[in-house]
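Spelled out, the chains give:
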Amino acid sequence: MNARPPARRVAVIGGGPSGLVATKTCLEEGLDVVCFEKSNVIGGLWYYREDRTEQSCVFRSTVINTSKETMCFSDFPIPEDWPNFLHNKKVLQYFEMYADHFGLRKHIKLQTKVNSVKPAPDFDTTGRWTVSLTSMGSNKTWEETFDAVFVCSGHHCQPNIPHFEGLKNFKGTVMHTHDYLTPEKYRDKRVVIVGIGNSGGDAAVELGRMASSLFLSTRSGAWIRYRISDKSVPFDLGNRIERLMPMSLQESILLNENKKRVDHDLIGLKPDFGILAAHPTVNDDLPGCIMNGLVTVKPNIRRFTTTGVVFEDGTAEDNIDLVVLATGYKISFPFLSSSVLPINDNRVEMYRYVFSPHHKHPTLAVLGMVQPLGPIFPSSELQARWATRVFKGEKQLPTKAQMMEHIRRTQEAMDRRYKKSPRHTIQIDVMPYLDEIASEIGVKPNLLVLLLTDPALAYHYIFGPYVPAQYRLYGRHRWAGAREHMMTVWQRVHKPYKARQGGASMKELEVASGPKFGLLQLFIILGILAVIYFRFFQK
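Residues numbered from 1 in each chain as written. Predicted model: local features only at pLDDT ≥ 70, side-chain atom pairs only at ≥ 80, totals over all residues. Heavy atoms only, no water.

### Considering the overall build of the protein
Thinking step 1. Within the protein one finds 17 helices and 22 strands.
Thinking step 2. Relative to the 2.2 N^0.38 estimate, which gives 24 Å for 539 residues, the radius of gyration of the protein is 24 Å and therefore close to what a compact globule would have.
Thinking step 3. C-alpha extents for the protein along the principal axes are approximately 70 × 65 × 50 Å.
Thinking step 4. The contacts in the protein between residues at least 6 apart in sequence include a share of 68% that link residues at least 24 apart.
Thinking step 5. Summing over all exposed atoms, the protein offers an accessible surface of approximately 24,200 Å²; the carbon and sulfur share of this is 53%.
Thinking step 6. Across the protein, 67 positive and 54 negative side-chain charges occur, with their mean positions spaced 2 Å apart. (Helix = DSSP H or I, 4+ residues; strand = E, 2+ residues; numbered from the N terminus. Rg over C-alpha atoms; globule rule 2.2 N^0.38 Å. Contact = heavy atoms within 4.5 Å. Areas by Shrake-Rupley, 256 points an atom, 1.4 Å probe, with all protein chains shown as cover. Lys, Arg positive; Asp, Glu negative; His and termini not counted. Charge placed at Lys NZ, Arg CZ, Asp CG, Glu CD.)

In structure tokens:
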């Protein structure tokens, strides 16, 4: 990359979780930051709004699919007495608390739409960007110039509407889940839902309890995952040992656990791909709704008639009142031209999904443009911590050729693992991805140092739940509460269950669910020490 002045003034586009953490990170790095949000509130799609415009939001009933301990930002825990899986109102409340705690609101300009982001006339020398803005209140339009830009508007903006024969002539109501809010007005209607991702599953469960008949059409089936695993703990509280197992072993364990809960073949959902070959559908109620007849599983739709649908197995349903397309989204940034960020078939060439290798200067970063197997908010946070160092010139990106090679290898690995689908173009495994970025900025814990200086913490680091606070133990902007946070995860997991007095004590629950130390753990630790010894001390 050519030399340029370090960034001082940064624009953040979007006031959702990625925009909030980008604003906070800029402030702690001493940058002058302005966040532009076109609505009148912060929170992005987590702010439920009845007056739906082109801006997406959650259903009124949406509950997040990642637990509070894994989804929180690394230096701002979610209150321990909150539920382990938060309703969207609680998620929004958490973001509002975060904004207030770190003094972000005065840096956010609400009701300000970003029309375009273009290279400034002096971009080749400075890397600056010209941002066109419009006040939604006064309709006034103006331009400002920034040294760097964070794009934090999310990738759930442009609904994907697939082609179906006869759909244009269908006389019933057709909507995308983008526009779905509540089920009440569809009581006693006949409904077809197309797609079985997370939104499709949630809509099927909710509408199935209201509709006279509901048909869930799926082209390929899906593996259903439950939020709660054994002993009533969140399913996503895995540890490093589990995540570092060979993929075949991980898949075998997950498949065995999954079969104990639901027979996918029996209820018509078994896909023709492995349980780790697609983004999971997380739903606690869908199998039960299928078993009690509230939801009927059907194959892909062959064509629409004026009043119904014909499925690929030849069966048909007539007098359909509502079709809900749960068919995902297209990656789209309407304020960026294709020359700034080309998007082809839902694929974007981005180094670590953050920086374009085609820009002369790395002064535009996209946050949250990943589909993680795990929580997205900590991913955006580490992306922001890395990108601000790049903006300031403290971290250098590889050469364009090296970045393109990294993109190529990442894409090939993704294509080998996942079934071909527009939704599998930005997949990441959270742990290795975050470790990679954390290593770039010196905040990934050193296991050898932990083992020698704080064995108790090392034990929790290896065998305890994988939580974002580990990236605040060391390095710049460390958090004094990070160690305690990591050591007390199980206490916070169990806390909301103790609203009723009686039953097991908190200590008993922690012992029952927390990491156990036995021969296996001893052998693993000794093996790690042996590898470190022979790798670094024996030549």
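### What about helix α5 (residues 198-208)?
Helical geometry note: an α-helix holds 3.6 residues per turn, so side chains three or four residues apart project in the same direction.
Thinking step 1. Where burial is concerned, most of α5 is hidden: nine out of the eleven residues are buried.
Thinking step 2. Residues of α5 that are buried include every one of N198, G200, G201, A203, A204, V205, E206, L207 and G208, and no others.
Thinking step 3. Residues of α5 that are buried sit in contact with β10 (190-194), β11 (213-217), β13 (281-282), α8 (286-291) and β18 (322-325). (Buried < 20%, exposed > 50% of the residue type's maximum accessible area, 1.4 Å probe, protein only.)

### A closer look at the sheet that holds strand β5 (residues 129-135)
Thinking step 1. Pairing is antiparallel across the open sheet formed by three strands, whose spatial order is β4-β5-β6. Either end of the sheet is taken by a strand with one partner, and the two such strands are β4 (112-119) and β6 (141-146). Taken over all neighbouring pairs, the strand axes of this sheet differ in orientation by 25° on average, direction set aside. (Pairing = 2+ DSSP bridges. Axes fitted to C-alpha atoms, helices over the stretch in contact; angles between N-to-C directions.)

### A look at unusual backbone geometry
Thinking step 1. Notably, Q111 is not glycine yet its phi reads approximately 50°, a positive angle.
Thinking step 2. Take Q111: it is sitting in the loop between β3 (108-109) and β4.
Thinking step 3. Judged by relative accessible area, which is 38%, Q111 ranks as partly exposed.
Thinking step 4. Positive phi outside glycine occurs at H477, with the angle close to 60°.
Thinking step 5. Within the secondary structure, H477 sits in the loop between α13 (455-463) and α14 (482-487).

### Thoughts on the pattern of salt bridges
Thinking step 1. Using the criterion set out here, one finds 28 salt bridges in the structure.
Thinking step 2. Taking the shortest distance from any N to any O, the salt bridge between R9 and E144 comes out at 2.7 Å. Residue R9 is found in strand β1 (residues 9-13), and its partner E144 is found in strand β6; the two are separated by 135 residues along the sequence.
Thinking step 3. Assessed through its relative accessible area of 25%, R9 is described here as partly exposed.
Thinking step 4. Note that D435 is salt-bridged to R240, the shortest N-O span being 2.8 Å. With D435 in helix α11 (residues 430-440) and R240 in helix α6 (residues 240-243), this residue pair connects regions lying 195 residues apart in the sequence.
Thinking step 5. On the basis of relative accessible area, D435 is assigned to the buried category, the value being 9%.
Thinking step 6. It is possible to trace a salt-bridge network through shared partners that takes in K24, E28, D75, E381 and R472. (Salt bridge = Lys/Arg side-chain N within 4 Å of Asp/Glu carboxyl O.)

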